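Structure assessment
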Amino acid sequence: MDKLLIKGNGPLSGSVRISGAKNAALPLLMAGLLTDQPCIFTNVPALRDIKTTLALLEQLGARVSHTEDTVSIDASEITNLIAPYELVKTMRASILVLGPLLAKFGRAQVSLPGGCAIGARPVNLHLSGLEQMGAKIEVDAGYITAEVEGRLQGANIFMDMVSVGATENLMMAAVLAEGTTILENAAREPEIVDLANCLNSMGANVSGAGTDKIQIQGVASLNGCHHRVLPDRIETGTFLVAAAATGGQIRCEQAAPDTLEAVLSKLKEAGATITVGDDWIELDMQGKSPKSVNIKTAPHPGFPTDMQAQFVALNCVASGTGVVTETIFENRFMHVPELQRMGAKIDLEANSAVCRGGSKLKGAQVMATDLRASASLVIAGLVAKGETLVDRIYHLDRGYEKIEVKLGGVGAKIERVK
Ligand SMILES: CC(=O)N[C@H]1[C@@H](OP(=O)(O)OP(=O)(O)OC[C@H]2O[C@@H](n3ccc(=O)[nH]c3=O)[C@H](O)[C@@H]2O)O[C@H](CO)[C@@H](O)[C@@H]1O
Ligand SMILES: C=C(OP(=O)(O)O)C(=O)O
């Protein structure tokens, strides 16, 4: 199993190219199921989750071609409507085939994703939204079976929690439904806007994406598309925090600054000088070490839960005390015991991590438990004295493209070891 070996090496400095967003690319690739015509996506990141998605689409009968950062999907001859446990268990976003398959083919069978390290992550909102659109749903022996006679019907759907995945699944189902669907209390993440833009370029009629009320006028069929995936705001934020924690400077190229407002504002509060252009962000600590910040995660445009772990690592080496409160997932502090093994002073109190800054972290062998927890351990390793060995980096490979190469390019001493 691969590991990352990191040697604390002082401030990061230089520039890094940001990849396409995992969380935008996954639903976009699934949207390829909605049409008989080819869909071409560019700026697709090279990640394990993308490989899993393409394997899933191929298993359904789609023809897939993948060269560098371009993926083309031809779903004109779908032969199988089952998403099996073997694939779904490695990537929860597999549930996003449910809406498109049901809308296009009237039937789908998808393994229940189940819980994961960060929480239970139920899919009740996905299922009840589809039921309100006329689907019959049964859950049996670990599988969701959904069927509809004829087309799904437009509906007014109020979601009692803000869910990114449910908003995406229902939006993809509604584009081919008969009549109008209104999604209320919808998620407002930039990845939802990217999906809506792509669906509209395919001939769908979606308005209001980016607000909490999305209106979808169903159409009978959709065309193919040529779509560039949105830059990854979480990868961008991770590199910015890494540079801030080391007291360095970094320029993130091909980024989307307008998707990162909450994160940039916290980095400024931590003492960073931030400059942005249309598609770049520069962070400079000007030789200073960071100050601790208080964070409370919330749905977009609030502070993203996917950046929480990285800020816990930052607070550990910053001056002062910072309280990080997680409100989205019930078990997203798995990085804390590992950071403590490196000398971090953190107290867990209910859903908050009270980080007492100023720790002189020491390199250690640590275990990655989920994707962003892994990123926080890498950041800690960059600042720690001595060597840090991060085990189980298959989590990291789900969501960060060539992280060791990119960090190496800005001065980190980091290598992948077998
Ligand atoms: C592939 C992808 O885009 N993943 C992101 C997506 O995950 P994902 O779409 O799975 O997360 P959701 O927005 O759905 O989850 C938010 C909260 O709603 C709960 N919930 C969700 C659905 C449901 O039917 N019932 C229910 O109770 C979840 O357990 C969680 O507590 O948004 C999360 C929240 O920003 C991010 O951390 C993930 O990186
Ligand atoms: C939790 C995440 O992803 P997923 O929803 O794919 O598990 C993440 O990207 O941080």
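Conventions used here
Residues numbered from 1 in each chain as written. Chains lettered and ligands numbered in written order. Predicted model: local features only at pLDDT ≥ 70, side-chain atom pairs only at ≥ 80, totals over all residues. Near = placed C-beta within 6 Å. Helix = DSSP H or I, 4+ residues; strand = E, 2+ residues; numbered from the N terminus. Nonpolar A, V, L, I, M, F, W, Y, C, P; charged D, E, K, R; others polar. Buried ≥ 20, exposed ≤ 12 C-beta atoms within 10 Å, placed from the backbone. Core = buried A, V, L, I, M, F, W, Y, C linked by C-beta atoms within 7 Å. Contact = placed C-beta atoms within 7 Å. UniProt positions renumbered as here; feature names shortened; annotations may be inferred. Expected span 1.5 Å × (residues − 1). Pairing = 2+ DSSP bridges. Axes fitted to C-alpha atoms, helices over the stretch in contact; angles between N-to-C directions. Parallel < 35°, antiparallel > 145°, perpendicular 65-115°, else oblique. Left-handed = near helix turned anticlockwise from the far one by under 90°.

On to the site of ligand 1, then. Ligand 1 sits among 22 residues. The nearest are Asn23, Leu125, Ser163, Val164 and Gly165. Elements supplying a minimum of two residues to the shell around ligand 1: helix 1 (22-31), helix 5 (124-132) and helix 6 (164-174). Along the lines of polarity and charge, the residues of the shell around ligand 1 split into 12 nonpolar, seven polar and three charged.

A separate point is the site of ligand 2. Around ligand 2, the structure places Asn23, Arg92, Ala93, Asp306, Leu371, Arg372 and Gly399. Taken together, the residues of the shell around ligand 2 sort by class into two nonpolar, two polar and three charged.

Helix 10 (residues 308-317) sits mainly inside the fold: 10 of its 10 residues count as buried. If you check which residues of helix 10 are buried, you get Gln308, Ala309, Gln310, Phe311, Val312, Ala313, Leu314, Asn315, Cys316 and Val317.

Now for the nonpolar core. Among the nonpolar cores identified, the biggest contains 145 residues, and Leu102, Met171, Val175, Ala244, Val312 and Ile379 are the most heavily contacted of them. Examining the composition of this core, we find that nine residues originate from one element, helix 12 (residues 371-383), more than from any other. With sequence-adjacent residues up to four places away left out, Ala244 is seen in contact with Leu267, Ala270, Ala272, Leu283, Met285, Pro290 and Leu314.

If you check UniProt for "binding site: UDP-N-acetyl-alpha-D-glucosamine" (unreviewed entry), the listed places come out as Arg92, Asp306 and Ile328 in our numbering. The topology assignment puts Arg92 in the loop between helix 3 (85-88) and helix 4 (98-105). Judged by C-beta crowding, with 18 C-beta atoms within 10 Å, Arg92 ranks as partly exposed. Arg92 has contacts with Pro113, Cys116 and Arg121, leaving out every residue within four places of it along the chain.

Time to look at the environment of Leu199. Among the secondary structure elements, Leu199 is positioned in helix 7 (residues 190-201). A count of 27 C-beta atoms within 10 Å places Leu199 in the buried class. The contacts of Leu199, once residues within four sequence positions are left out, are Ala31, Val175, Ala204 and Val206.

Bringing helix 8 (residues 233-245) into the picture now. Taking 1.5 Å per residue, 13 residues should reach 18 Å; helix 8 reaches 18 Å between its end C-alpha atoms and fits that length. The buried fraction of helix 8 is high, at 13 of 13 residues. Among the residues trailing helix 8, Gly247 stands out with phi positive, at a value near 70°.

It is worth spelling out the sheet that holds strand 18 (residues 295-296) at this point. Taken in spatial order, the four strands line up as 18-19-21-20 in an open sheet, and their pairing is mixed. Of all strands in the sheet, those with a lone pairing partner are strand 18 and strand 20 (345-349), marking the two edges. Direction of pairing for strand 19 (residues 321-325) relative to strand 21 (residues 352-356): antiparallel, over a ladder of five bridges. By the bridge assignment, Val323 is partnered in strand 21 with Val354. Taken strand by strand, helix 10 contacts strand 18, strand 19, strand 20 and strand 21, and its axis lies near 165° from that of strand 19.

Attention now goes to the packing of helix 10 against helix 12. The axes of two packed helices give the description: the angle between them and the distance between them. Their axes nearest at 7 Å, the elements helix 10 and helix 12 cross at an angle of 25°. Relative to helix 12, the element helix 10 lies roughly parallel. As for how helix 10 packs across helix 12, the hand of that crossing is right-handed. From helix 10, Ala309, Gln310, Val312, Ala313, Leu314, Cys316 and Val317 reach across to helix 12, where they touch Arg372, Ala373, Ala375, Ser376, Ile379, Ala380 and Val383. Here the residues of the contact of helix 10 with helix 12 are counted per class, giving 11 nonpolar, two polar and one charged.

To continue, consider the UniProt feature "domain: Enolpyruvate transferase" (unreviewed entry) in the protein chain. Listed under "domain: Enolpyruvate transferase" (unreviewed entry) in the UniProt record, and renumbered for this structure, are residues 7-407. Here residues 7-407 runs as 32% helix and 24% strand, with 12 Å between its end C-alpha atoms.

On to the sheet that holds strand 4 (residues 63-67). If you trace the four strands from one edge of the open sheet to the other, you get 4-5-3-14, paired in mixed fashion. One side of each edge strand has no neighbouring strand; the edge strands of this open sheet are strand 4 and strand 14 (225-228). Averaged over neighbouring strand pairs, the angle between their axes works out to 15° when direction is ignored. In terms of strand pairing, strand 3 (residues 39-42) meets strand 14 through four bridges, oriented parallel. Bridged to Ile40 within strand 14 is His226. Helix 2 (residues 48-60) rests against strand 4 and strand 5 (70-74) of the sheet, and its axis sits at about 155° to strand 4.

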